[in-house]
Every structure is written in structure tokens, then in C-alpha cells.
Amino acid sequence: MTHLLSIEELSKERIWKIIDKAVSLKTERKQGPHEELPLQGQTWALMFSKSSTRTRVSFEVGIRELGGSVMFLSSNDIQLGRGEPIKDTARVLGRMVHGTIIRTFDQQDVIDFAHFSGIPTINALTDDAHPCQILADLLTIRERLGTWEGKKVAFVGDGFNNMSRSWMWAAKELGFEFTIAAPQGCLPTEKYIERLNAPNVSITTDPIEAVKDADVINTDVWLSMGEEGQTAKEALFKDYQVNSELLKHAHSAHIVLHCLPAYRGKEITNEVLEAHADTIFQQAENRLHAQKAVLCRLAAHGQTFRGMFS
Ligand code: CP
Ligand code: NVA
């Protein structure tokens, strides 16, 4: 594993290994600073074109805890924001830092950066994918329910955003039952479902059908970053709120997940969020542990970065 560009490219075995490592790093951290520091001597860059609280903080802390140095580059402050091409930015950073974590719009930019930089590249969210979040979500399911195997997972909200897409690929690889409930126009396209080719993934416009007997109920914002002001799209979701009425249809021992930030009164009620806050903020904390596990895997590739030898 040289990069983490999407969950789609991870095998079942790889996902299991990352989650196992995250569990052991989380346990270790409770006992004090880590003894092994795989990022010692390395400098990693965070290059973000969208806002972030959890992702930025968890990566900055995680890199430091693993012995590395970190720099935050907002696209507004670097030449990328003034139109310098990603492939040029990549060839510069690839000669100076050991790895880069990117939050941006177009998935192709992350792919191009990985290609042109030659250094480990992690997708910290694009319009298509949020692999770091899904790893933290899986860790949370394992901690709360013991396993995702045999569980029924529902996603209510935008059925074709970065989170619902990432969930579909995780479900395909790991085999749990996964159902998306979204309004027409916000469901995965037929072409996408065909490419996914996962009989355990289903889609519906009926939130009750999706949530029926579900062990895990997920939601996410109705309008993702970059879609601000799309009131017509937002209006489509009025019947897709995770509220206590909807949760009556879930399994009695269900958990609720939200990647955050949450908009109370829209995709989730304040009542449900607060009732499930322990799980949801555990999920947020798990970003740190899951990403450290990914960084440990990529650390060895960071050491061989091209810049040092060119
Ligand atoms: N869930 C998540 O990625 O949060 P941030 O946007 O705050 O990083
Ligand atoms: N779908 C959301 C996820 C935020 C973590 C967005 O892209 O804004």
C-alpha cells in the first residue's frame, strides 16, 4: 500500500489489518507516548482546499504522535489557489516532503498528485470519496457492536455523495448488508450500481424500508461542501431526517453514526444526536486512531521519497 486514494482500492484483508492496527494504537496511546515512531525524520504536508475540523486536527496530532513533522497548506495561501496546476504542485512537494494528505473537490486531482509527486498520498475527502472517515466508522462499529459481519447498515440522506459512495464500496468488500435511502435524483446512478456489482447493496426511496431492523443508521449533511446554497436539492430531503420516529423501525440495539459536522433539525434531530453522542464523538475520535494506522502503513514509502536522491 503506497497511497490511500479511496476505500474502493482496499482489499478486505487490508481493511481488517488497518482496523486491527488502529485498535492496538488506540490501546497503546492510553498507556502513554508510542515507543515506535515510524514517521521520525519525516515531514508530511496537509494540502486542503475545503474546510475541516476533525480531519485536520486528527492528522496533525497523529503525525506528531508518530514522530513526524507536519505543515498545513491551505490552497488559498499557496499558488495552487491561483491556478498552478496540481501536477506542478505535486512535483515540487514530492521533492521536499515525505507524504501529503489532500482535501479537495475532484478525485482526479488526488490521483494526479499521487502520480506526479511519487510520495505517499492520502485522500482526506474529495467529492467522490472519504476513505479516512469510513475506516473510523468501521472501527466504531467494531467497538460498539463487536463486528460489522452479519450486520445491517442503513444510510439515510444524500445517496450519492462522498460518504454514501464510500460506504457502498466498504459494504461490497466486507459483505455486510447495506441500504441507501435517498430521494430520486440523489440515489446512485444505474451505471454506478452496475460498476459496483454488489448484491448486498440496495437502494430505495423509502427511509423506513432502509432502516427496518438496521443495526447501524448513518446520515450525513444534505448539502456537501461545494453545494452551499443549492436550496432546490436541500428541499428534496425533507422526508429523510434521522429522527426518533424513524428509529422506531430500527433494531432495538441500533447505533447511530454521523461523520460530522451535523446540522441539527436537518439530516438529524438534536434529540437523536444527543442521545447517540457517545457513539458519534467516539466515531470522531476514531479518525485519529484509524489514520495513524494508515500512516504507519505508508511510513516506509515516505522514507524512499524521490526528492532526497534526485
Ligand atoms: N468528518 C470530517 O471529515 O470532518 P471535518 O470536515 O471537520 O474534517
Ligand atoms: N459529505 C460531506 C462530508 C463532510 C465530512 C461533505 O463533503 O461536505
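In the block above lies the structure referred to throughout.
Given the structure is predicted, the values throughout are model-derived calculations rather than measurements. Residue numbers run consecutively from 1 along every chain, following the written order of its sequence. The naming scheme follows written order: chains are lettered A onward, ligands numbered 1 onward. pLDDT decides what is reported in this predicted model: residues at 70 or higher carry local features, side-chain atom pairs at 80 or more are listed and counted, and totals for whole chains, interfaces and linings draw on all residues regardless. The side-chain numbers reported here are obtained from all heavy atoms of the structure, hydrogens and water having been left aside.

(A) Fine view of the site of ligand 2. Around ligand 2 lies a shell formed by Leu125, His130, Asn161, Asn162, Asp220, Val221, Ser224, Met225 and Leu260. Contact between ligand 2 and asparagine 162: a nitrogen atom at 2.8 Å from a side-chain N or O atom of the residue. In this structure, a nitrogen atom belonging to ligand 2 sits 2.7 Å away from a side-chain N or O atom of aspartate 220. In this description, accessible areas are obtained by the Shrake-Rupley approach with a 1.4 Å probe, and a residue is regarded as covered only by the protein chains that are shown. Relative to its unbound accessible surface of 270 Å², ligand 2 loses 95% to contact with the protein. The cavity where ligand 2 resides is the largest pocket. Charged residues are taken to be Asp, Glu, Lys and Arg, nonpolar residues to be Ala, Val, Leu, Ile, Met, Phe, Trp, Tyr, Cys and Pro, and polar residues to be all remaining types, Gly included. Here the residues of the shell around ligand 2 are counted per class, giving four nonpolar, four polar and one charged. One heavy atom within 4 Å of a molecule or strand makes the whole residue count as near it. Nitrogen and oxygen atoms within 3.5 Å of one another constitute a polar contact, given that in protein one can donate a hydrogen and the other can accept it, and given that sequence-neighbouring residues count only through two side-chain atoms. A cavity, in this analysis, means grid points on a 1 Å lattice covering only the protein atoms where a 1.4 Å probe fits yet has no way out; a pocket is instead an open set bounded by protein on both sides within 12 Å along at least five of seven lines, and a residue lines either one if it has an atom within 4 Å of a point. By definition, a pocket or cavity contains a molecule when more than half of the molecule's atoms lie within 2 Å of the pocket's grid points.

(B) View of the nonpolar core. To qualify as a nonpolar core, a set must consist of buried Ala, Val, Leu, Ile, Met, Phe, Trp, Tyr and Cys residues joined through side-chain atoms within 4.5 Å. Exposed residues in this analysis have more than 50% of their type's maximum accessible area, buried residues have under 20%, and partly exposed residues fall in between, with area computed by a 1.4 Å probe over protein chains only. Judged by nonpolar contacts, the single largest core of 79 residues is most densely connected at Ile101, Ile122, Leu135, Trp167, Phe176, Phe178 and Leu295. When residues in this core are grouped by element, the largest group, nine residues, is from helix 12 (residues 277-303). Setting aside residues up to four positions removed in sequence, tryptophan 167 forms contacts with Ile134, Asp137, Leu138, Ile141, Val153, Phe155, Phe176, Phe178, Asn218 and Leu257. Residues Ala45, Ile86, Ala90 and Ile102 belong to the second largest nonpolar core, which totals 15 residues. Secondary structure is summarised from DSSP: a helix means a run of H or I of at least four residues, a strand means a run of E of at least two, and numbering begins at the N terminus for each. Working rule for contacts: check all heavy atoms of both residues, and any pair within 4.5 Å makes them a contact.

(C) Summary view of the pattern of salt bridges. Whenever Lys or Arg places a side-chain nitrogen within 4 Å of a carboxyl oxygen from Asp or Glu, that contact is recorded as a salt bridge. Counted under the stated rule, the structure contains 17 salt bridges. Among the ionic pairs, arginine 56 bridges to glutamate 60, the shortest N-O distance being 3.0 Å. Separated by four residues within a single helix, arginine 56 and glutamate 60 lie in helix 2 (residues 54-65), roughly one turn from each other. The exposure class assigned to glutamate 60 is buried, which follows from its relative accessible area of 14%. The shortest N-O distance in the salt bridge between glutamate 234 and lysine 266 comes to 2.9 Å. With glutamate 234 in helix 9 (residues 231-235) and lysine 266 in the loop between strand 9 (255-258) and helix 11 (270-275), the pair connects residues that are 32 residues apart, well separated along the chain.

(D) Spotlight on the site of ligand 1. Close to ligand 1 lie Ser52, Thr53, Arg54, Thr55, Arg103, His130, Gln133, Cys259, Leu260 and Arg287. Serine 52 is positioned with one of its side-chain polar atoms (N or O) 2.7 Å from an oxygen atom of ligand 1. The separation between an oxygen atom of ligand 1 and a polar side-chain atom of arginine 287 is 3.0 Å. Coverage of ligand 1 by the protein amounts to 96% of the 250 Å² it exposes when considered alone.

(E) Just the sheet that holds strand 6 (residues 177-181), in detail. Whether two strands pair depends on DSSP finding at least two bridges between them. The parallel open sheet is built from five strands, whose spatial order is 7-6-5-8-9. Pairing within the sheet leaves two strands with one partner each, and these edge strands are strand 7 (201-204) and strand 9. Strand-to-strand twist of the sheet, defined as the mean angle between neighbouring strand axes without regard to direction, takes the value 20°. Both strand 5 (residues 152-156) and strand 8 (residues 216-219) contribute to a ladder of four bridges, which runs parallel. Opposite phenylalanine 155, over in strand 8, you have asparagine 218 as the bridge partner. Its contacts with the sheet place helix 5 (residues 131-145) against strand 8 and strand 9, and it is angled at close to 160° to strand 9. Across the sheet, helix 6 (residues 162-174) is in contact with strand 5, strand 6, strand 7, strand 8 and strand 9; its angle to strand 6 comes to roughly 160°. An axis is simply a line fitted to the C-alpha atoms; with a helix, the fit covers only the stretch in contact. Between two such axes, the angle follows the N-to-C directions and lies from 0 to 180 degrees.

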